[in-house]
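Tertiary structure, described
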Amino acid sequence: MEKVNLKDLNFKELENWVKDKNWHKFRAKQISKWLYNKKVSSYDEMTDLSKDIRNYLKENTEFESLKLVSYEKSQIDGSIKFLWRLKDGNTIESVFIPERDHNTICVSTQVGCAVGCTFCYTTKDGLIRNLTTAEIIDQYLQVQRFVGNENRISNVVFMGMGEPLANYDNVRKAVQIMTDKNMLDLSNRKITISSSGIIAQILKMYNDPEFPQVRLAVSLNASDQKVRESIMPISKTNTIEDLMKTLNSLPFKTGYRIMLEYVLIKDVNDTEEDAKKLVKLIGKNKKRYKVNLIPFNPFEESDYKRPDEKRVEKFQKILWEHNISAFIRWSKGRDISAACGQLRKKELNNFIKIT
Ligand code: SF4
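This one's a predicted model, so the numbers in the text were calculated from it and none came from an experiment. (Residues numbered from 1 in each chain as written. Predicted model: local features only at pLDDT ≥ 70, side-chain atom pairs only at ≥ 80, totals over all residues. Heavy atoms only, no water.)

Our next topic: the overall build of the protein. Along the protein, the regular secondary structure elements total 10 helices and 15 strands. On C-alpha atoms alone, the protein measures out to a radius of gyration of 21 Å, which is about the 20 Å that the 2.2 N^0.38 rule sets for 355 residues. Along the three orthogonal principal directions, the C-alpha set of the protein runs to about 70 × 45 × 35 Å. Once local pairs closer than 6 in sequence are excluded, the contacts in the protein between residues at least 24 apart make up 67%. (Helix = DSSP H or I, 4+ residues; strand = E, 2+ residues; numbered from the N terminus. Rg over C-alpha atoms; globule rule 2.2 N^0.38 Å. Contact = heavy atoms within 4.5 Å.)

Rendered as C-alpha coordinates:
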(Lines give C-alpha, C1' and ligand atoms only; values in the text may rest on other atoms or scores of the structure.)
Protein backbone atom coordinates (compact mmCIF):
# COMPACT_ATOMS: atom_id res chain seq x y z
CA MET A 1 0.00 0.00 0.00
CA GLU A 2 1.18 3.51 -0.89
CA LYS A 3 2.50 5.26 2.20
CA VAL A 4 1.00 8.61 3.12
CA ASN A 5 3.27 11.65 2.92
CA LEU A 6 2.35 14.18 5.62
CA LYS A 7 3.40 17.03 3.30
CA ASP A 8 0.39 16.13 1.15
CA LEU A 9 -1.87 17.29 3.99
CA ASN A 10 -2.93 20.81 4.85
CA PHE A 11 -3.22 21.63 8.55
CA LYS A 12 -6.85 20.62 8.89
CA GLU A 13 -6.15 17.30 7.18
CA LEU A 14 -3.10 16.76 9.38
CA GLU A 15 -5.24 17.34 12.48
CA ASN A 16 -7.78 14.80 11.24
CA TRP A 17 -5.04 12.31 10.44
CA VAL A 18 -3.64 12.69 13.96
CA LYS A 19 -7.15 12.32 15.40
CA ASP A 20 -7.66 9.07 13.47
CA LYS A 21 -4.61 7.68 15.18
CA ASN A 22 -6.12 8.57 18.56
CA TRP A 23 -3.22 10.85 19.30
CA HIS A 24 -3.74 14.12 21.12
CA LYS A 25 -4.68 17.03 18.85
CA PHE A 26 -1.53 18.99 19.74
CA ARG A 27 0.56 16.35 17.95
CA ALA A 28 -0.45 17.99 14.66
CA LYS A 29 1.13 21.26 15.78
CA GLN A 30 4.23 19.45 17.00
CA ILE A 31 4.68 17.54 13.73
CA SER A 32 4.10 20.74 11.75
CA LYS A 33 6.64 22.62 13.79
CA TRP A 34 9.33 20.00 13.07
CA LEU A 35 8.48 19.68 9.39
CA TYR A 36 7.97 23.32 8.45
CA ASN A 37 9.56 25.49 11.11
CA LYS A 38 12.59 23.44 12.07
CA LYS A 39 12.67 21.83 8.61
CA VAL A 40 14.19 18.62 9.97
CA SER A 41 15.40 15.94 7.61
CA SER A 42 14.24 12.88 9.58
CA TYR A 43 11.66 11.76 12.12
CA ASP A 44 14.48 11.02 14.59
CA GLU A 45 15.00 14.74 15.03
CA MET A 46 11.41 15.21 16.29
CA THR A 47 12.59 14.82 19.86
CA ASP A 48 9.41 15.85 21.68
CA LEU A 49 7.41 13.05 20.07
CA SER A 50 7.38 9.75 21.91
CA LYS A 51 9.48 6.92 20.51
CA ASP A 52 6.31 4.99 19.66
CA ILE A 53 4.96 7.85 17.57
CA ARG A 54 8.26 8.35 15.81
CA ASN A 55 8.44 4.64 15.02
CA TYR A 56 4.88 4.68 13.73
CA LEU A 57 5.70 7.63 11.47
CA LYS A 58 8.88 5.96 10.21
CA GLU A 59 7.09 2.77 9.33
CA ASN A 60 3.88 4.16 7.91
CA THR A 61 4.70 7.41 6.18
CA GLU A 62 7.07 8.58 3.49
CA PHE A 63 9.46 11.34 4.56
CA GLU A 64 11.15 12.61 1.39
CA SER A 65 9.53 12.68 -2.02
CA LEU A 66 12.59 14.00 -3.88
CA LYS A 67 16.19 13.00 -4.12
CA LEU A 68 18.83 15.51 -5.14
CA VAL A 69 20.57 14.34 -8.31
CA SER A 70 22.74 17.35 -9.01
CA TYR A 71 22.96 21.09 -8.79
CA GLU A 72 24.67 23.88 -10.65
CA LYS A 73 25.52 27.32 -9.33
CA SER A 74 25.68 30.35 -11.59
CA GLN A 75 29.01 32.15 -11.51
CA ILE A 76 27.22 35.31 -12.67
CA ASP A 77 24.56 35.85 -10.03
CA GLY A 78 24.72 33.00 -7.51
CA SER A 79 21.43 31.38 -8.53
CA ILE A 80 21.42 27.61 -8.13
CA LYS A 81 19.56 25.14 -10.31
CA PHE A 82 18.61 21.83 -8.71
CA LEU A 83 17.73 18.60 -10.45
CA TRP A 84 15.59 16.19 -8.39
CA ARG A 85 14.61 12.60 -8.97
CA LEU A 86 11.07 11.56 -8.04
CA LYS A 87 10.08 8.13 -6.77
CA ASP A 88 8.95 7.03 -10.23
CA GLY A 89 12.28 7.99 -11.80
CA ASN A 90 11.09 11.24 -13.42
CA THR A 91 13.19 14.34 -12.88
CA ILE A 92 12.19 17.94 -12.17
CA GLU A 93 14.02 21.19 -11.55
CA SER A 94 13.86 24.11 -9.11
CA VAL A 95 15.89 27.30 -9.03
CA PHE A 96 17.12 29.24 -5.99
CA ILE A 97 17.40 32.94 -6.84
CA PRO A 98 19.26 35.20 -4.40
CA GLU A 99 18.25 38.85 -4.72
CA ARG A 100 19.51 42.00 -3.00
CA ASP A 101 17.11 41.93 -0.06
CA HIS A 102 15.41 38.55 -0.27
CA ASN A 103 15.66 35.03 -1.69
CA THR A 104 13.23 33.39 -4.07
CA ILE A 105 12.59 29.82 -5.14
CA CYS A 106 11.09 28.96 -8.51
CA VAL A 107 9.23 25.66 -8.19
CA SER A 108 7.93 23.15 -10.74
CA THR A 109 4.37 21.88 -10.61
CA GLN A 110 4.29 19.21 -13.34
CA VAL A 111 6.65 16.78 -15.04
CA GLY A 112 6.56 18.21 -18.56
CA CYS A 113 3.69 20.41 -19.70
CA ALA A 114 0.78 20.10 -22.11
CA VAL A 115 0.50 23.78 -22.99
CA GLY A 116 2.97 23.67 -25.87
CA CYS A 117 4.51 27.18 -25.90
CA THR A 118 6.91 27.05 -28.85
CA PHE A 119 9.69 28.88 -27.01
CA CYS A 120 9.75 26.47 -24.05
CA TYR A 121 11.82 23.34 -23.64
CA THR A 122 9.68 21.85 -20.85
CA THR A 123 6.81 21.08 -23.19
CA LYS A 124 8.86 19.13 -25.77
CA ASP A 125 7.69 15.71 -24.49
CA GLY A 126 4.21 16.89 -23.49
CA LEU A 127 2.77 16.37 -20.03
CA ILE A 128 4.02 13.33 -18.14
CA ARG A 129 2.20 13.90 -14.84
CA ASN A 130 1.18 16.36 -12.17
CA LEU A 131 3.40 16.75 -9.13
CA THR A 132 1.93 15.86 -5.75
CA THR A 133 1.65 18.56 -3.10
CA ALA A 134 4.51 16.93 -1.18
CA GLU A 135 6.73 17.06 -4.28
CA ILE A 136 6.08 20.80 -4.56
CA ILE A 137 6.61 21.47 -0.85
CA ASP A 138 9.75 19.32 -0.72
CA GLN A 139 11.36 21.53 -3.40
CA TYR A 140 11.03 24.45 -0.98
CA LEU A 141 12.14 22.48 2.10
CA GLN A 142 15.10 20.78 0.48
CA VAL A 143 16.40 23.96 -1.15
CA GLN A 144 16.02 25.86 2.14
CA ARG A 145 18.00 23.15 3.92
CA PHE A 146 20.63 23.24 1.18
CA VAL A 147 21.18 27.02 1.29
CA GLY A 148 20.92 27.18 5.10
CA ASN A 149 18.83 29.29 7.46
CA GLU A 150 21.02 32.33 6.89
CA ASN A 151 19.54 32.44 3.36
CA ARG A 152 15.86 32.32 4.30
CA ILE A 153 13.61 31.83 1.29
CA SER A 154 10.74 34.28 1.65
CA ASN A 155 9.40 34.33 -1.92
CA VAL A 156 8.00 31.53 -4.05
CA VAL A 157 7.24 31.73 -7.75
CA PHE A 158 5.30 28.95 -9.42
CA MET A 159 7.11 29.46 -12.73
CA GLY A 160 9.11 26.27 -13.14
CA MET A 161 8.14 23.26 -15.23
CA GLY A 162 4.41 22.98 -15.88
CA GLU A 163 1.21 25.03 -15.86
CA PRO A 164 0.35 25.46 -12.14
CA LEU A 165 -3.37 25.97 -12.71
CA ALA A 166 -3.58 22.70 -14.67
CA ASN A 167 -2.53 20.97 -11.42
CA TYR A 168 -5.08 22.98 -9.49
CA ASP A 169 -5.82 20.89 -6.38
CA ASN A 170 -2.21 20.04 -5.56
CA VAL A 171 -1.02 23.60 -6.18
CA ARG A 172 -3.84 25.00 -4.03
CA LYS A 173 -2.87 22.72 -1.20
CA ALA A 174 0.82 23.63 -1.57
CA VAL A 175 -0.14 27.31 -1.28
CA GLN A 176 -2.28 26.52 1.79
CA ILE A 177 0.72 24.82 3.43
CA MET A 178 3.01 27.69 2.45
CA THR A 179 0.76 30.36 3.95
CA ASP A 180 -0.64 28.55 7.02
CA LYS A 181 0.59 30.06 10.30
CA ASN A 182 1.08 26.52 11.68
CA MET A 183 3.06 25.43 8.66
CA LEU A 184 5.51 27.39 6.44
CA ASP A 185 3.93 30.72 7.37
CA LEU A 186 5.04 32.65 4.26
CA SER A 187 3.35 35.90 3.30
CA ASN A 188 0.62 35.57 0.64
CA ARG A 189 2.04 38.63 -1.09
CA LYS A 190 5.34 36.84 -1.63
CA ILE A 191 3.86 33.94 -3.54
CA THR A 192 3.21 34.22 -7.28
CA ILE A 193 1.32 31.79 -9.44
CA SER A 194 2.31 32.12 -13.08
CA SER A 195 -0.19 30.89 -15.63
CA SER A 196 -0.12 30.64 -19.40
CA GLY A 197 -3.54 32.29 -19.31
CA ILE A 198 -6.17 29.56 -18.96
CA ILE A 199 -9.16 31.80 -18.37
CA ALA A 200 -11.44 29.26 -16.69
CA GLN A 201 -8.73 28.26 -14.22
CA ILE A 202 -7.84 31.87 -13.39
CA LEU A 203 -11.50 32.58 -12.61
CA LYS A 204 -11.74 29.38 -10.60
CA MET A 205 -8.77 30.45 -8.49
CA TYR A 206 -10.15 33.93 -7.86
CA ASN A 207 -13.57 32.59 -6.90
CA ASP A 208 -12.25 29.83 -4.67
CA PRO A 209 -12.43 30.79 -0.98
CA GLU A 210 -10.06 27.92 -0.17
CA PHE A 211 -7.34 29.28 -2.46
CA PRO A 212 -5.22 31.75 -0.43
CA GLN A 213 -5.03 35.09 -2.16
CA VAL A 214 -1.63 35.24 -3.84
CA ARG A 215 -0.16 37.19 -6.72
CA LEU A 216 -0.94 36.30 -10.30
CA ALA A 217 1.44 36.45 -13.25
CA VAL A 218 0.24 35.72 -16.76
CA SER A 219 2.48 34.80 -19.68
CA LEU A 220 1.27 37.19 -22.33
CA ASN A 221 4.23 37.12 -24.72
CA ALA A 222 2.48 38.97 -27.53
CA SER A 223 0.33 42.00 -28.08
CA ASP A 224 -1.98 40.59 -30.74
CA GLN A 225 -3.88 37.38 -31.31
CA LYS A 226 -1.97 36.27 -34.41
CA VAL A 227 1.47 36.38 -32.82
CA ARG A 228 0.26 34.95 -29.51
CA GLU A 229 -1.45 32.06 -31.21
CA SER A 230 1.70 31.29 -33.20
CA ILE A 231 3.84 30.93 -30.07
CA MET A 232 1.20 29.88 -27.52
CA PRO A 233 -1.33 27.41 -28.96
CA ILE A 234 -3.40 27.84 -25.78
CA SER A 235 -4.38 31.21 -27.21
CA LYS A 236 -6.59 29.54 -29.84
CA THR A 237 -9.14 28.77 -27.15
CA ASN A 238 -8.15 31.49 -24.68
CA THR A 239 -7.89 34.48 -26.99
CA ILE A 240 -5.85 37.51 -26.05
CA GLU A 241 -8.99 39.63 -26.11
CA ASP A 242 -10.90 37.35 -23.73
CA LEU A 243 -7.84 36.98 -21.54
CA MET A 244 -7.38 40.75 -21.14
CA LYS A 245 -11.12 41.21 -20.54
CA THR A 246 -10.93 38.62 -17.77
CA LEU A 247 -7.83 40.13 -16.20
CA ASN A 248 -9.36 43.61 -16.34
CA SER A 249 -12.42 42.32 -14.51
CA LEU A 250 -10.64 40.61 -11.60
CA PRO A 251 -11.01 42.20 -8.17
CA PHE A 252 -8.05 44.52 -7.84
CA LYS A 253 -6.00 45.57 -4.83
CA THR A 254 -3.14 48.04 -5.35
CA GLY A 255 -0.66 45.77 -3.61
CA TYR A 256 -1.51 42.90 -5.91
CA ARG A 257 -0.82 44.13 -9.42
CA ILE A 258 -1.02 41.45 -12.07
CA MET A 259 2.31 40.68 -13.68
CA LEU A 260 2.26 40.40 -17.45
CA GLU A 261 5.20 38.23 -18.44
CA TYR A 262 6.53 38.95 -21.90
CA VAL A 263 9.33 36.78 -23.31
CA LEU A 264 10.97 38.91 -26.01
CA ILE A 265 11.93 36.84 -29.04
CA LYS A 266 13.95 38.45 -31.81
CA ASP A 267 11.81 39.39 -34.84
CA VAL A 268 8.78 37.55 -33.43
CA ASN A 269 7.32 39.91 -30.82
CA ASP A 270 10.02 42.47 -30.04
CA THR A 271 9.45 45.34 -32.48
CA GLU A 272 8.45 48.92 -31.67
CA GLU A 273 5.14 48.11 -33.30
CA ASP A 274 4.62 45.25 -30.83
CA ALA A 275 5.39 47.56 -27.91
CA LYS A 276 2.87 50.13 -29.15
CA LYS A 277 0.23 47.44 -29.55
CA LEU A 278 0.92 46.34 -26.00
CA VAL A 279 0.34 49.90 -24.78
CA LYS A 280 -3.02 49.84 -26.58
CA LEU A 281 -3.91 46.44 -25.19
CA ILE A 282 -3.33 47.59 -21.62
CA GLY A 283 -5.23 50.77 -22.39
CA LYS A 284 -6.52 52.61 -19.35
CA ASN A 285 -5.75 49.75 -16.97
CA LYS A 286 -2.15 50.82 -16.40
CA LYS A 287 -2.34 50.70 -12.61
CA ARG A 288 -3.53 47.11 -12.69
CA TYR A 289 -0.42 45.68 -14.38
CA LYS A 290 3.32 45.40 -14.21
CA VAL A 291 5.10 44.17 -17.32
CA ASN A 292 8.07 41.86 -16.96
CA LEU A 293 10.17 41.79 -20.11
CA ILE A 294 12.22 38.61 -20.33
CA PRO A 295 14.73 38.40 -23.18
CA PHE A 296 14.46 34.88 -24.63
CA ASN A 297 17.00 32.40 -23.29
CA PRO A 298 18.14 30.42 -26.39
CA PHE A 299 18.50 26.65 -26.26
CA GLU A 300 19.86 24.19 -28.81
CA GLU A 301 16.66 22.79 -30.28
CA SER A 302 15.13 26.21 -30.82
CA ASP A 303 15.51 28.52 -33.82
CA TYR A 304 14.39 31.54 -31.81
CA LYS A 305 16.95 34.18 -30.98
CA ARG A 306 17.44 36.63 -28.17
CA PRO A 307 16.98 40.30 -29.12
CA ASP A 308 19.94 42.58 -28.49
CA GLU A 309 19.98 44.84 -25.45
CA LYS A 310 19.16 48.00 -27.38
CA ARG A 311 15.98 46.50 -28.74
CA VAL A 312 14.90 45.28 -25.33
CA GLU A 313 15.53 48.69 -23.82
CA LYS A 314 13.63 50.43 -26.62
CA PHE A 315 10.65 48.16 -25.96
CA GLN A 316 10.75 49.07 -22.28
CA LYS A 317 11.11 52.79 -23.08
CA ILE A 318 7.93 52.78 -25.16
CA LEU A 319 6.01 51.27 -22.24
CA TRP A 320 7.53 53.77 -19.82
CA GLU A 321 6.64 56.69 -22.08
CA HIS A 322 3.03 55.62 -21.63
CA ASN A 323 3.38 55.32 -17.86
CA ILE A 324 3.29 51.55 -17.85
CA SER A 325 5.45 49.97 -15.21
CA ALA A 326 7.89 47.69 -17.06
CA PHE A 327 10.97 45.84 -15.87
CA ILE A 328 13.54 43.88 -17.78
CA ARG A 329 14.25 40.57 -16.16
CA TRP A 330 17.59 39.51 -17.49
CA SER A 331 17.25 35.81 -16.74
CA LYS A 332 18.99 34.76 -13.59
CA GLY A 333 21.65 32.14 -14.08
CA ARG A 334 21.97 32.69 -17.80
CA ASP A 335 25.08 30.54 -17.72
CA ILE A 336 23.11 27.60 -16.31
CA SER A 337 19.93 27.87 -18.44
CA ALA A 338 17.94 28.56 -15.32
CA ALA A 339 15.28 30.94 -16.59
CA CYS A 340 12.04 30.21 -14.76
CA GLY A 341 9.26 29.04 -17.04
CA GLN A 342 11.65 27.72 -19.59
CA LEU A 343 13.80 25.53 -17.48
CA ARG A 344 15.51 23.04 -19.59
CA LYS A 345 17.12 19.76 -19.03
CA LYS A 346 20.82 19.70 -19.47
CA GLU A 347 23.10 16.73 -19.73
CA LEU A 348 23.57 15.47 -16.21
CA ASN A 349 27.30 15.39 -16.86
CA ASN A 350 27.33 19.17 -16.84
CA PHE A 351 26.01 19.30 -13.30
CA ILE A 352 27.88 18.78 -10.09
CA LYS A 353 26.98 15.18 -9.37
CA ILE A 354 25.69 14.42 -5.91
CA THR A 355 24.58 10.84 -6.30
S1 SF4 B 1 6.15 28.21 -20.78
FE2 SF4 B 1 5.09 27.30 -19.02
S3 SF4 B 1 3.02 26.90 -19.78
FE4 SF4 B 1 4.28 27.24 -21.61
S5 SF4 B 1 4.88 25.16 -22.22
FE6 SF4 B 1 6.51 25.99 -20.88
S7 SF4 B 1 6.02 25.23 -18.82
FE8 SF4 B 1 4.16 25.02 -20.10
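What follows is about the domain arrangement of the protein. You'll often see interface size given as the accessible area lost when the parts meet. The assigned domain composition of the protein is domain 1 (4-62) and domain 2 (69-353). One C-alpha centre belongs to domain 1, the other to domain 2, and the line joining them spans 33 Å. Here domain 1 packs against domain 2, burying approximately 1400 Å² in sum over the two surfaces, 57% of which is carbon and sulfur. Of all residues in domain 1, K7, Y36 and K39 bury the most surface against domain 2, accounting for 43% of the area lost on that side. Taken together, the connections running from domain 1 to domain 2 amount to three salt bridges. A salt bridge links K87 to E62, with the nearest nitrogen and oxygen atoms 2.8 Å apart. In this structure, the connection of domain 1 to domain 2 is made through 10 residue pairs in polar contact (both at pLDDT 80 or more). (Domains from an automatic or database assignment. Buried area = accessible area lost by both parts, 1.4 Å probe. Salt bridge = Lys/Arg side-chain N within 4 Å of Asp/Glu carboxyl O. Polar contact = N/O pair within 3.5 Å; in protein donor to acceptor, adjacent residues only side chain to side chain.)

Bringing the nonpolar core into the picture now. Ranked by size, the top nonpolar core spans 85 residues in total, and within it F158, L247 and V291 carry the most contacts. Looking at which domains feed residues into this core, each of domain 1 (4-62) and domain 2 (69-353) gives three or more. With residues near it in sequence (within four places) discarded, V291 still touches L260, Y262, L278, I282, L319, I324, S325, A326 and F327. By size, the runner-up hydrophobic cluster in this structure holds 15 residues, among which are F119, C120, I198 and M232. (Core = buried A, V, L, I, M, F, W, Y, C linked by side-chain atoms within 4.5 Å. Buried < 20%, exposed > 50% of the residue type's maximum accessible area, 1.4 Å probe, protein only.)

One way to put it is that helix α4 (residues 133-147) packs onto helix α5 (residues 168-179) with a least axis distance of 8 Å and a crossing angle of 40 degrees. One element, α4, and the other, α5, form an angle in the oblique class. The way α4 lies across α5 gives a crossing that is right-handed. Where α4 approaches α5, its residues T133, I136 and I137 are matched on the opposing element by N170, V171, K173, A174, I177 and M178. (Axes fitted to C-alpha atoms, helices over the stretch in contact; angles between N-to-C directions. Parallel < 35°, antiparallel > 145°, perpendicular 65-115°, else oblique. Left-handed = near helix turned anticlockwise from the far one by under 90°.)

Turning to the side chain of N10, a few remarks are in order. Considering the arrangement of structural elements, one finds N10 in the loop between β1 (4-5) and α1 (11-20). Polar side-chain contacts of N10 include one of 2.9 Å to the backbone nitrogen of E13. There is a polar contact of 3.0 Å between the side chain of N10 and the side chain of Q176. If near-sequence neighbours (up to four positions away) are discounted, N10 is found in contact with K173, Q176, I177 and M183.

This brings us to unusual backbone geometry. We note that D185 has phi near 55 degrees; this positive angle belongs to a residue other than glycine. Locating D185 in the fold gives a position in the loop between α5 and β10 (191-195). Judged by its relative accessible area of 35%, D185 falls in the partly exposed class. With phi around 65 degrees, N221 is a residue other than glycine that occupies positive phi space. With respect to the element layout, N221 can be found in the loop between β11 (215-219) and α7 (225-231).

So, about the packing of helix α6 (residues 199-206) against helix α8 (residues 240-249). Look at α6 against α8: their axes get within 10 Å of each other, and the N-to-C directions meet at 10 degrees. One finds that α6 runs roughly parallel with respect to α8. Counting all contacts with α6, which are made through I199, I202 and L203, the residues of α8 involved are D242, L243, T246 and L247. Looking at the contact of α6 with α8, its residues break down into five nonpolar, one polar and one charged. (Nonpolar A, V, L, I, M, F, W, Y, C, P; charged D, E, K, R; others polar.)

Turning our eyes to something else, we now look at the pairing of strand β12 (residues 258-264). Of all seven residues making up β12, seven are buried, and the element is well covered by its neighbours. Neither face of β12 is open: one carries I258, L260, Y262 and L264, the other M259, E261 and V263, and all of them are buried. In this structure, β11 lies alongside β12, joined through three bridges in parallel fashion. Note that in β12 the partner of A217 across the bridge is M259. (Pairing = 2+ DSSP bridges.)

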